[in-house]
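Analysis of the macromolecular model
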Amino acid sequence: LAQAVVALAVLAAAAAGATGDASVLAAEIGRLNNQSLLWGPYKPNLYFGVRPRIPNSLWTGLMWGRIEAYNDVKDGLRYTCEQGEELHGYGWDEYDARTGGVQTFHDEGNGIDLTTSFVKIPGGRHGGSWAARIRGRLHDGVPKNRKTVVYHYVAQEDSGELGVDGQGSELGFTGDITFSGQSESLGDYELVFTRGTGDSPTSDHDITSSRPGHVALVSSAHAEDTAVWQAKPLLFQQLQAAAEVVQERYGMENAPPAWQVYRIPHKPGKGNSHFVQRTFEGNFEFDIIFSSKSSGQNVTPEHVTRALEAASTSFSKRFSSVFALKAPYTGQEYQKFGKSMFSNLIGGVGYFHGHQLIDRSYAPEYEEENEGFWEETAAARDRKQQQLEGPYELLTAVPSRPFFPRGFLWDEGFHLVPIADWDMDLTLEIVKSWFHTMDENGWIPREQILGAEARSKVPEEFQVQYPHIANPPTLFLVIEDFMERLRRAANSTDSALGGERSLHGDQGPLLHTAHLDNAELGGDFLRNIYPLLRRQYDWFRKTQRGDIRGYEREAFSTREGYRWRGRTETHILASGLDDYPRPQPPHPGELHVDLMSWVGLMTKSLKKIAEALELEEEVAELTKNLVAIEHNLSDLHWSEKAGCFCDATVDAFEEHQLVCHKGYVSLFPFLVGLLQPDDPKVGRLLDLVGDEEQLWSAHGIRSLSQQDEFYGTKENYWRSPVWMPMNYMILKQLQGLAQQKGPYRDRARDMYRGLRKNLVDTVFASWKATGFAWEQYNPETGAGQRTQHFTGWTSLVVKMMAMDDGDVGGVPVPVKKDEL
Ligand code: 6A9
């Protein structure tokens, strides 16, 4: 019934929309969005942490590990995602942000495969109910009586109430455990840990837990506000105290086995911080069920089974239509691979809340006006003028759950490329969330480290953000893409029916494309976001402006020329291409071609959006800027001799000088789509991209030319390895060239086919061998390297598999230099 009522509300709202009352529909869609996106595994730093996207609220975190030896708990208890633990692959095999999915852990160290299936069950006024099914299966060869301990942490961070119903026996609970809670945002709710299946161990030892029967322990406490997030230390305090008592009572000689020593005290009650402990012998399975009381029903395990099945079926169906994989990637194995890549990306979306460290001193050194400025800025940073600011909130995907479980601005634009195909409404929520972290000047922090838990993962020297430092504005790519789709949807005749279709999935109201299906809604989004985009654009043009006096002879009349602020001798973190070689020594008169290209991209996107919104004055201004940028990109940055674009600097005689390190930076105006398909510069750039002695490798396009003096040197981060986001941009441009008439069409098509295959095959091979996606790939061997479980932009491979195969028949071959 609850579902039917919601469905009726949508229909009513849709009808209102049809008669022109878009605001009613918008409100209803906003409400549904809040509802279907309220809960999720939004603590992606944890192997399985469920929370709502509400600042302070209820959340749960899972821990597990084998418990045979005394050191097992200390060494093998899994909680936060960590690199290098003996997990041979883990993550979401299926995930849809509206319904849920399945996550698997291949835990070699503990000899177990653990799955956490998560499902949302809509209904009521508080964001619905959800359930998680936890299943443990011992690996082949592991003794059948292997003991595994599972802890659940339940935290309640707002002023509401949470407590356990009943006490069980003094030894613990033998059946289901029920928590009852209430809070302003969640209303009344119930959280049940079902008895499930699985044996608990018994022993002859006289310690109390040796009685037969399945016993679960619950300890409830009031933790300090600042400590509530620190689940592991809180647990370890209790386990240490328990171990001391046992040791005192039995001595070292007669100590009972580990699984009896490491027991939390059974003290169920009220509190903001609860642990549930269960110890199993062999396989096990149980559910955690959150029922929102306003839905009028308590979810049962049977209900969970059905909902999980339905979610899985609809996921698979949706996957094969949204990402229709093209030859040669139509086989089952690629389906599985693609599902995993995409699910880890969207299942990694997290909700973050808290304060962040920002240096708002606007110290004069940060203007970087003097030669040797990087030493002055380092000194200014050393004065540590940062302060905690906030609280901020952010809904975002993350580059890597174990290593970088937080938002990164330019990564996010790439994350949203596949997510936009799947769920445009979620994409727009995320875009909005990012733009709401922008300050009044138009600056968005590059890295979002919100709250103490997020900060705990970052070394101090990397925590502070500076409001003069930029990062590529990739979110513009997403918004422009949305606008293009909106235009297409508005032009297609069946779009009027789309709204109703997409609002009603198999399991009640789902949203994925409401903003595309309803032109008014989509238009409203663009109208509301436009001023924010414009503010960011103005911030870029003002604060990252380059000094082009030295170039005036050659440059076009306007002053378009840009320089990343915040560079050091060795790094420009702002650019995202950290250690890519740049002019040396750094100079305040330097100009960066990648930055100017990004500003060009912003200008072009804004202009298109302004056109769609019929903002004539804006269009006129942006058109003028774009012409100037296109002009100056050639004038200030093109080297006819090198055949590519280059950074520029000012030499000892105050002369304009190009500094060419061939690689990703040299391609930028092409990458962001600022070159015409018949521009001879395109031909020269294709020469460079396709040259096996320079950028082309069997595993994708190298970040730097093999012929560059810095190829593979020092950190070798962006100095040879193959990166997926840049390769995706190259691939898209090649595809674009291949799809329209022009002098480079055939060449681009061959390169497109070869590159697509090289990239997909590389990421796939590494995934098969290691169970993981990686941060970057070795251009010689194709091996994944640096950060493991890098489920951020490497997931673009799913888009690549869904792109057309460029031709019919024939096997794509890598392009050889002499064929070009
Ligand atoms: C350092 C170490 C636990 C570096 O994917 C995120 C970014 C990209 O935006 C950027 O282009 N990565 C790339 O060059 C990772 C950056 C990590 C910086 C944090 C702290 C924490 O160790």
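Residues numbered from 1 in each chain as written. Predicted model: local features only at pLDDT ≥ 70, side-chain atom pairs only at ≥ 80, totals over all residues. Heavy atoms only, no water.

Here we come to the overall build of the protein. Scanning the protein from N- to C-terminus turns up 22 helices and 28 strands. Taken against the 2.2 N^0.38 rule, which gives 28 Å for 820 residues, the C-alpha radius of gyration of the protein at 28 Å falls within 12% of a compact globule. Along the longest, intermediate and shortest principal axes, the C-alpha atoms of the protein span 90 × 70 × 60 Å. Relative to its 820 residues, the protein shows a buried fraction of 62%. Nonlocal contacts in the protein, meaning residues at least 24 apart in sequence, comprise 71% of its contacts between residues at least 6 apart. (Helix = DSSP H or I, 4+ residues; strand = E, 2+ residues; numbered from the N terminus. Rg over C-alpha atoms; globule rule 2.2 N^0.38 Å. Buried < 20%, exposed > 50% of the residue type's maximum accessible area, 1.4 Å probe, protein only. Contact = heavy atoms within 4.5 Å.)

Next up on the list: the site of the ligand. Around the ligand sit 17 residues in total, of which Trp410, Asp411, Gly576, Asp578 and Trp718 are the nearest. Asp578 has a polar side-chain atom sitting 3.0 Å from an oxygen atom of the ligand. Coverage of the ligand by the protein chains reaches 84% of its 560 Å² of free accessible surface. Broken down by class, the residue content of the shell around the ligand amounts to eleven nonpolar, one polar and five charged. (Near = heavy atom within 4 Å. Polar contact = N/O pair within 3.5 Å; in protein donor to acceptor, adjacent residues only side chain to side chain. Areas by Shrake-Rupley, 256 points an atom, 1.4 Å probe, with all protein chains shown as cover. Nonpolar A, V, L, I, M, F, W, Y, C, P; charged D, E, K, R; others polar.)

A few words now on the pattern of salt bridges. In the structure shown here, the tally under the stated rule is 44 salt bridges. Of the charged contacts, one joins Lys293 and Glu190 as a salt bridge, the two residues approaching to 3.1 Å between their closest N and O atoms. With Lys293 in the loop between strand E14 (273–292) and helix H6 (301–322) and Glu190 in strand E11 (residues 187–193), this pair connects stretches of sequence that are 103 residues apart. Relative accessible area serves as the criterion here: at 37%, Lys293 is assigned to the partly exposed category. Of the charged contacts, one joins Arg534 and Glu618 as a salt bridge, the two residues approaching to 3.1 Å between their closest N and O atoms. With Arg534 in helix H15 (residues 519–543) and Glu618 in helix H17 (residues 616–637), this residue pair connects regions lying 84 residues apart in the sequence. One connected set of salt bridges, linked through shared partners, spans Arg133, Arg135, Arg137, Glu285 and Asp287. (Salt bridge = Lys/Arg side-chain N within 4 Å of Asp/Glu carboxyl O.)

This part is about the state of the cysteines. All chains considered together, the criterion is met by one disulfide. Here Cys646 connects covalently by a disulfide to Cys660, the sulfurs 2.1 Å from one another. Judged by the torsion about the S-S bond (100°), the Cys646/Cys660 disulfide is right-handed. Linking Cys646 in the loop between strand E22 (644–645) and strand E23 (647–650) with Cys660 in the loop between strand E24 (656–659) and helix H18 (668–671), this pair joins segments that are 14 residues apart in sequence. Looking at Cys646, the relative accessible area reads 1%, which means it is buried. Residue class for Cys660 comes out partly exposed when judged on its relative accessible area of 29%. (Disulfide = S-S within 2.5 Å.)

Within the secondary structure layout, Thr60 lies in strand E3 (residues 58–66). Residue Thr60 is classed as buried on the basis of its relative accessible area of 3%. Beyond its immediate chain neighbours, meaning those up to four positions away, Thr60 contacts Phe48, Gly49, Val50, Trp130, Tyr153, Val154 and Leu191.

Let us now look at the packing of aromatic side chains. A full pass over the atoms with the stated rule returns 48 aromatic pairs. Note on Tyr366 and Tyr466: the rings are 5.7 Å apart at their centroids and 75° apart in plane angle, and the pair reads as edge-to-face. With Tyr366 in the loop between strand E15 (350–359) and helix H8 (373–382) and Tyr466 in the loop between helix H11 (451–455) and helix H12 (475–491), the pair connects residues that are 100 residues apart, well separated along the chain. We note that Tyr366, like Tyr466, is buried. A connected cluster of aromatic rings, assembled from ring pairs, spans Trp410, Phe414, Trp598, Tyr664, Phe668, Tyr717, Trp718, Trp723, Phe790 and Trp793. Seen from the ring of Trp59, Lys43 lies directly overhead, with NZ or CZ sitting 3.9 Å from the centre. Residue placement shows Arg381 over the ring face of Tyr466; its charged tip is 4.2 Å from the ring centre. (Phe/Tyr/Trp six-rings, centres within 6.5 Å; stacked < 30°, edge-to-face > 60°. Lys NZ or Arg CZ within 6 Å of the ring centre and 35° of its normal.)

Trans peptide bonds make up the majority, and among non-glycine residues the majority have a negative phi. Across the junction of Ala327 and Pro328, the peptide omega takes the value 0°, indicating a cis bond. Secondary-structure assignment places Pro328 in the loop between H6 and helix H7 (332–347). With an omega of -10°, the peptide bond between Gln584 and Pro585 qualifies as cis. Summarising the element assignment, Pro585 is placed in the loop between H15 and helix H16 (593–612). Positioned with a positive phi, Glu368 is a non-glycine residue whose angle comes to about 55°. By the secondary structure assignment, Glu368 is in the loop between E15 and H8. Using a relative accessible area of 1% as the deciding quantity, one classes Glu368 as buried.

The buried fraction of E3 is high, at eight of nine residues. Examined bridge by bridge, strand E2 (residues 49–52) and E3 share two bridges and lie antiparallel to one another. Counted as the bridge partner of Val50 is Thr60 from E3. If you look at the hairpin formed by E2 and E3, you'll find five residues sitting between the two strands. (Pairing = 2+ DSSP bridges.)

This part covers the packing of H16 against H17. Relative orientation of the contacting elements H16 and H17 amounts to 155°, with a least axis distance of 9 Å. One element, H16, and the other, H17, form an angle in the roughly antiparallel class. Where H16 crosses over H17, the two elements pack in a sense that is left-handed. Between H16 and H17, the contacting residues are Val593, Met596, Ser597, Val599, Gly600, Thr603, Lys604, Leu606, Lys607, Ala610 and Glu611 on the first element and Glu618, Val619, Leu622, Thr623, Asn625, Leu626, Ile629, Asn632, Leu633, Leu636 and His637 on the second. Across the contact of H16 with H17, the residue classes break down as eleven nonpolar, seven polar and four charged. (Axes fitted to C-alpha atoms, helices over the stretch in contact; angles between N-to-C directions. Parallel < 35°, antiparallel > 145°, perpendicular 65-115°, else oblique. Left-handed = near helix turned anticlockwise from the far one by under 90°.)

This part covers the nonpolar core. Burial of nonpolar side chains together is a common tendency in soluble globular proteins. Grouped together as the largest cluster of nonpolar side chains are 196 residues, with contacts concentrated most on Phe435 and Trp718. Membership of the second largest hydrophobic core comes to 27 residues, among which are Met63, Leu77, Tyr250 and Trp259. (Core = buried A, V, L, I, M, F, W, Y, C linked by side-chain atoms within 4.5 Å.)

This part is about the environment of Asn272. Residue placement: Asn272 occurs in the loop between helix H5 (258–261) and E14. Sequence separation between Asn272 and His468 is 196 residues, and the spatial gap between their C-alpha atoms is 40 Å. Among residues more than four places away in sequence, those in contact with Asn272 are Val154, Ala155, Gln156, Ala221, His222, Ala223 and Val228. Reaching out from Asn272, the side chain makes a polar contact with the backbone nitrogen of Ala223 at a distance of 2.7 Å.

Time to look at the confidence of the model for the protein. Reading predicted coordinates in detail is not appropriate for stretches of low pLDDT. Per-chain confidence: the protein averages 91 in pLDDT, with 91% of residues scoring 70 or above. Within the model, the stretch residues 494–509 combines pLDDT values under 50 with 35 contacts to residues more than four positions away or in other chains. Below a pLDDT of 50 lies the segment residues 808–820, which in the model reaches 25 contacts outside its immediate sequence neighbourhood of four places, other chains included. Taken together, the chains of this predicted complex give a pTM of 0.94 and an interface ipTM of 0.96. (pLDDT = per-residue confidence, 0-100.)

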